[in-house]
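Observations on the three-dimensional arrangement
Chain residues, written in single-letter form:
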Amino acid sequence: MKSILIKNAQLVNEGRISTADVLVKDGRIAQIDQSITAEADQTIDATGLYLLPGVIDDQVHFREPGLTHKATIGSEAKAAVVGGTTSFMEMPNTVPNATTQELLEDKYKIAAETSLANYSFYMGATNDNLAEVLLTNPNTVCGIKIFMGSSTGNMLVDNAETLEQIFSKAKLPIAVHCEDEQTIRDNMAIYEEKYGEDIPVKCHPEIRNEAACFKSSFLAVKLAEKHNTRLHILHISTEEELKLFRNDIPLEQKRITAEVCVHHLWFDKEDYDKYGTQIKCNPAVKEHRHKEGLLQGLLEDKLDVIATDHAPHLWEEKQGKYKQAPSGVPLIQHSLQMMLEFVKQGKLTLEKVVEKMAHAPAILFNVRERGYIREGYWADLVLVDLNKPYTVTKENTYYKCGWSPFEGHTFSSTIMHTIVSGHLVYSNGTFDESKKGERLLFDR
Ligand SMILES: O=C1C[C@@H](C(=O)O)NC(=O)N1
């Protein structure tokens, strides 16, 4: 593998920013120093650029196998590296659902052949696959996914005894989608009564409302407390849920952690006027107060990681009426740029972005030797120019579905180079696809 020398970067790592050179050799960070004079196969002049650990996205939907008309592991991993995401953890609501060890391993095989980013896949729980779930290897699989609210893929786990069993026996982190099903159904009935088939999309946050989120998250937290489960609640979308999470202990000691997604920080209810069903997703984008509250929750460390829930659907599918349009938004290519915009606006610091998008997911999932810029660690690195505007176009959007809610939008930062496991895969609009990403490993 080619060695890489990064010269004169502003290195953002572990709460500090400092000028440094970084030497990458055999996939790893070989040296970090003020001035490195060693020869390397590739040299990057990083003057004026910030060097960040690559983003680890702990919640994505890449649709393969079975839904490859929407996306493939290869297509979405390519979009990921363009945006500075070097590792992803992918959800089991593919077709067939990843609910057996064999089906799970099939996804790893596809990724080994096609993914430019490092990868891991969740084992999916159902009401009746406990034995399979318990076979999951804690060192080679990121976690177990439970839908405690239904969403794309009909993987709802609503059997109380099954939930007790998984929460008490799982040896891996349990990542949960929390929305109370009965609350959603009751709300839906009210809106159907009122609007028939023509429910306005703006009602989505009233159907999948605050009460649905809180009731389900509350239940998950209670179960985790009862069984001392390692619980990670995905895509927290309401202010109310913040009271379920602690910020008085270090992340390393937390048994219950929480994720916030970029779209819940970026959009609010008013945006349905502009984007309509494009931003229909579960949990719903809600009132403005939640967006503000979630940002505060992030700053106060009640929310531990930032992810995307990247969920591509075809543009034609998304154009249907409210009830027919599938939930989910393609986001992974622009997640880092979105958060860098918050840095520009003074809402987040660069150090905080790095903490929540790289360090924290690495700690939370015990990812082996990634998520930090440290000698000996894997070289998953991103170089960003905070002062180079970037306009999103159809041509520079790499999702297989071919659209992004950001088309036409100009971000004030550009992702210049992305290095995955020591390989310079993306450089200013060009790719070197000669090497694929690695399977993530976990120290548990
Ligand atoms: O939980 C989910 C699933 C996802 C999908 O489309 O797979 N879309 C969503 O909006 N939320």
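Everything in this summary refers to the structure shown in the same document. (Residues numbered from 1 in each chain as written. Predicted model: local features only at pLDDT ≥ 70, side-chain atom pairs only at ≥ 80, totals over all residues. Heavy atoms only, no water.)

**Some details on the site of the ligand**
- In the vicinity of the ligand, 15 residues are found, and the nearest of them are Arg 63, Asn 93, Thr 152, Asn 282 and Ser 327.
- Here an oxygen atom of the ligand and a backbone polar atom of Ser 327 are 3.0 Å apart.
- Gly 328 is positioned with one of its backbone polar atoms (N or O) 3.3 Å from an oxygen atom of the ligand.
- Burial of the ligand by the protein chains amounts to 100% of its free accessible area of 290 Å².
- With respect to the pocket detection grid, the ligand is positioned in the largest cavity.
- A per-class count over the shell around the ligand returns three nonpolar, ten polar and two charged. (Near = heavy atom within 4 Å. Polar contact = N/O pair within 3.5 Å; in protein donor to acceptor, adjacent residues only side chain to side chain. Areas by Shrake-Rupley, 256 points an atom, 1.4 Å probe, with all protein chains shown as cover. 1 Å grid on protein atoms, 1.4 Å probe; cavity = no way out; pocket = protein on both sides within 12 Å on 5 of 7 lines; lining within 4 Å. Sits in = over half its atoms within 2 Å of the grid points. Nonpolar A, V, L, I, M, F, W, Y, C, P; charged D, E, K, R; others polar.)

**Brief notes about empty space enclosed by the protein**
- Within the structure shown, the criterion is met by four cavities of 30 Å³ or more.
- In this structure, the largest cavity occupies an estimated 130 Å³ of space.
- Every residue lining the largest cavity is counted, 20 residues in all, and those nearest its centre are His 61, Ser 151, Asn 282, Asp 309 and Ala 311.
- The residue inventory of the lining of the largest cavity, partitioned by class, reads five nonpolar, twelve polar and three charged. (Points joined across faces, edges and corners; volume = space filled by probe spheres on them.)

**What about helix α7 (residues 210-227)?**
- Look at α7: 26 Å from first C-alpha to last across 18 residues, which is about the 26 Å you get at 1.5 Å a residue.
- Contacts from the buried residues of α7 go to α4 (160-169), α5 (181-195), α6 (204-207), β12 (231-233), β13 (256-261) and α10 (288-299). (Helix = DSSP H or I, 4+ residues; strand = E, 2+ residues; numbered from the N terminus. Expected span 1.5 Å × (residues − 1). Contact = heavy atoms within 4.5 Å.)

**Observations regarding the pattern of salt bridges**
- Considering all chains together, one arrives at 34 salt bridges under this definition.
- Glu 270 is paired through a salt bridge with Lys 202; the nearest N and O atoms lie 3.8 Å apart. Of this pair, Glu 270 sits in the loop between α8 (262-266) and α9 (272-275) while Lys 202 sits in the loop between α5 and α6; the two residues are 68 residues apart in sequence, bridging distant segments of the chain.
- Residues Glu 210 and Arg 289 are paired through a salt bridge, measuring 3.7 Å at the closest nitrogen-oxygen approach. With Glu 210 in helix α7 and Arg 289 in helix α10, this pair connects stretches of sequence that are 79 residues apart. (Salt bridge = Lys/Arg side-chain N within 4 Å of Asp/Glu carboxyl O.)

**Here's the deal with the nonpolar core**
- The biggest cluster of nonpolar side chains holds 100 residues, and the ones touching the most others in it are Phe 88, Ile 146, Phe 167, Leu 231, Leu 336 and Met 339.
- The contact partners of Met 339, leaving out residues within four places of it in the chain, are Val 262, Leu 265, Ile 306, Leu 348, Val 353 and Met 357.
- Ranked by size, the runner-up nonpolar core spans 19 residues in total, among them Ile 4, Ala 9, Leu 49 and Met 416. (Core = buried A, V, L, I, M, F, W, Y, C linked by side-chain atoms within 4.5 Å. Buried < 20%, exposed > 50% of the residue type's maximum accessible area, 1.4 Å probe, protein only.)

**Digging into the packing of α4 against α7**
- Relative to each other, α4 and α7 sit at 50°, their axes nearing to 9 Å. With respect to each other, α4 and α7 are oriented oblique. With respect to the hand of their crossing, α4 and α7 are arranged in right-handed fashion. Two secondary-structure elements touch here, α4 through Leu 163, Glu 164, Phe 167 and Ser 168 and α7 through Ala 220, Leu 223, Ala 224, Lys 226 and His 227.
- Its residues placed into classes, the contact of α4 with α7 shows five nonpolar, two polar and two charged. (Axes fitted to C-alpha atoms, helices over the stretch in contact; angles between N-to-C directions. Parallel < 35°, antiparallel > 145°, perpendicular 65-115°, else oblique. Left-handed = near helix turned anticlockwise from the far one by under 90°.)

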